[in-house]
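Observations on chain architecture
The chain contents come next:
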Amino acid sequence: MSKNIIIRIALLALVAFQPIANADSLRDRLKELRDRNRPAKQEPQPAPNNASASEEKEFKIPPIGPIPLEDEVRLGRQIAGNLLGAAPLVKDDMLQQYVNRVGRWVALQSDRPDLKWTFGVIQTDDINAFAAPGGYVFITRGLYATLKDEGELAGVLGHEIAHVQQKHHLKVLQKSQLLDMGANILKKRVDKGGSAAQRIIGSGAEIFSRGLDKDAEFEADRLGVILAARAGYDAWGLPSVLQEISAVSSSDNAVGMLFKTHPHPDERLSRLADAMGERLDSLKTSDNGKGRFYKLAAK
Amino acid sequence: MTISKWMWITLSGLLWGLAIPTLAQQQGVAVKSDDIKAEPFKDAKTVAALNKGDSVTILKKQGGWMEIKVSQRKGWVRVLSVRKGAGGSNAAAEIAGVAGVATGRAGTGQVVSTTGVRGLGEEDLKSAKFNEEELKKAEAAAIAPDQAKQFAAKGALTARQVNWLPTSKTVASEGR
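Notes on the structure follow. (Residues numbered from 1 in each chain as written. Chains lettered and ligands numbered in written order. Predicted model: local features only at pLDDT ≥ 70, side-chain atom pairs only at ≥ 80, totals over all residues.)

**So, the overall build of chain B**
The helix and strand inventory of chain B stands at six helices and eight strands. For chain B, the sequential pattern of α-helices and β-strands runs α-β-β-β-β-β-β-β-β-α-α-α-α-α. Within chain B, the fraction of its 176 residues that count as buried is 33%. Taking the intrachain contacts of chain B between residues at least 6 apart in sequence as the baseline, contacts between residues at least 24 apart amount to 51%. (Helix = DSSP H or I, 4+ residues; strand = E, 2+ residues; numbered from the N terminus. Buried ≥ 20, exposed ≤ 12 C-beta atoms within 10 Å, placed from the backbone. Contact = placed C-beta atoms within 7 Å.)

**Focus: the packing of helix H3 (residues 69-86) of chain A against helix H4 (residues 132-140) of chain B**
Between H3(A) and H4(B), the least distance of the axes is 8 Å, while the angle of their chain directions is 110 degrees. The pairing of H3(A) with H4(B) is recorded here as roughly perpendicular in orientation. Seen from above, H3(A) lies across H4(B) with right-handed handedness. Contacts between H3(A) and H4(B) involve A:Arg77, A:Ala80, A:Gly81 and A:Leu84 from the first element and B:Glu132, B:Glu134, B:Leu135 and B:Ala138 from the second. (Axes fitted to C-alpha atoms, helices over the stretch in contact; angles between N-to-C directions. Parallel < 35°, antiparallel > 145°, perpendicular 65-115°, else oblique. Left-handed = near helix turned anticlockwise from the far one by under 90°.)

**A closer look at helix H11 (residues 237-246) of chain A**
Taken across its ten residues, H11(A) has ten buried, putting it largely inside the fold. Listed in full, the buried residues belonging to H11(A) are A:Gly237, A:Leu238, A:Pro239, A:Ser240, A:Val241, A:Leu242, A:Gln243, A:Glu244, A:Ile245 and A:Ser246.

**Topic: the packing of helix H4 (residues 93-107) of chain A against helix H5 (residues 145-154) of chain B**
Remark: H4(A) packs on H5(B), axes separated minimally by 8 Å, with the N-to-C direction vectors making an angle of 100 degrees. Comparing the axis directions of H4(A) and H5(B) gives the class roughly perpendicular. Mapping the contact onto sequence places A:Arg101, A:Arg104 and A:Trp105 in H4(A) and B:Pro145, B:Gln147, B:Ala148, B:Phe151 and B:Ala152 in H5(B). Among the residues making up the contact of H4(A) with H5(B), the classes are represented as five nonpolar, one polar and two charged. (Nonpolar A, V, L, I, M, F, W, Y, C, P; charged D, E, K, R; others polar.)

**Focus: the nonpolar core**
Counting 103 residues, the largest nonpolar core has A:Leu83, A:Val106, A:Leu157, A:Val225 and A:Ala228 as its most contacted members. The residues contacting A:Ala228, other than those within four sequence positions of it, are A:Val106, A:Gly151, A:Ala154, A:Gly155, A:Gly158, A:Tyr233, A:Ala235, A:Gly237 and A:Leu238. (Core = buried A, V, L, I, M, F, W, Y, C linked by C-beta atoms within 7 Å.)

**Let's talk about the sheet that holds strand S3 (residues 136-140) of chain A**
All names here are of chain A. In space, the three strands of this open sheet follow the order S1-S3-S2, with mixed pairing throughout. Two strands lie at the open edges of the sheet, namely strand S1 (118-122) and strand S2 (129-132), each paired on one side alone. Averaged over all adjacent pairs, the angle separating strand axes in this sheet is 15 degrees, with direction ignored. The sheet contact formed by S2 and S3 spans four bridges and is antiparallel. Each bridged residue has a counterpart across the sheet, and for Phe130 the counterpart in S3 is Phe138. Here H3 sits on the sheet and contacts S1, S2 and S3; the angle it forms with S2, its principal contact strand, is near 150 degrees. Where H4 meets the sheet, it contacts S1 and S3, and its direction lies at approximately 135 degrees from that of S1. (Pairing = 2+ DSSP bridges.)

Shown next, in the form of structure tokens:
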């Protein structure tokens, strides 16, 4: 009898502590469940009690809890500006205009339609795409050159828009702030003289060389596919691009950073196949913008 | 400049590597078993079975479906049941290896992206300096929702209700 009680207590303790050990992933799961069932597209109102945000010296993001929109945009702007310092925009206004139109239309289907979404194609042969907090999305000329139609572009942009919607990079910065606070207990931080936003994001645009965790990438794939489909494109644009990239040798320089910071395309494709299953079979086939896909000028 | 010349050769080599099998009939391999359908929809008649590992010839794509030929039978399977390249990713890597030959990099294995000769390697990203001018250009190109809606209408694109996809089972069972 008493043995039984001990076992019960032990079991209870196990169950009780499980959520604590997994608090992070549990919270993510819950959020995912909630988001999935939430039809309304509303931008959460930025918290008003952040007087320090406007003062450069005191600017820091809260290590836990929501980050005010104003601060998110400020960080995203700094990251975007740094990325453009590494690779400027392709000098083709028609191209930039086209990508902004497709991107803005896809972003309108997201949970954050009211952000000031900014899209661009940057001048590098690398095959990659980037999203910064606040709605900055860039794809490389190298990646654009592998695309075959507007549906594929919508899929790629959908993946990046999903990173912004889920605040993936923002959460990484928030986590590093938290670690930083821990480090400060031991050692007073040395001011490197950068701007406040720059101090939070580290050196240059290095946030893009570290990458996100795999689950964030798989999630962005699943959401990206749906964003493109909601915008009236085929749901198979993103998978099709992944199939193409999968055929590029991993030893090719052009995909070096992409393969380093993302799961292999084959793994992403099999996760997508599991998630998509037959779910999107009833979607009407799309013309994907009726063949108006903008062709790159020869260099 | 020699570097940009090599870049160009790499890129065109790569494009050729991708383009040739697209123009000809492309090879693929079944990554999962699936029904081969007479037409590109779920309720169409099943004409044969596709087995994981089967080599297929890809004839065309239509939405989520792909027309294939496998041992003289033609039919439609789901796009994600087939991976391009004759033997899965290994063979696909061989196809891309054509580009490697063109650049003289064949057989060198993993080329670390930090060489930074071109593109966006680790060092390029880390040492990047804020470019206000380019950022303002980018921001000036941003458009309003109404413009995006007009653009969509011109392309006959209509917004539609589609539910988010569930987390796949494998993801759910994989603890952190």
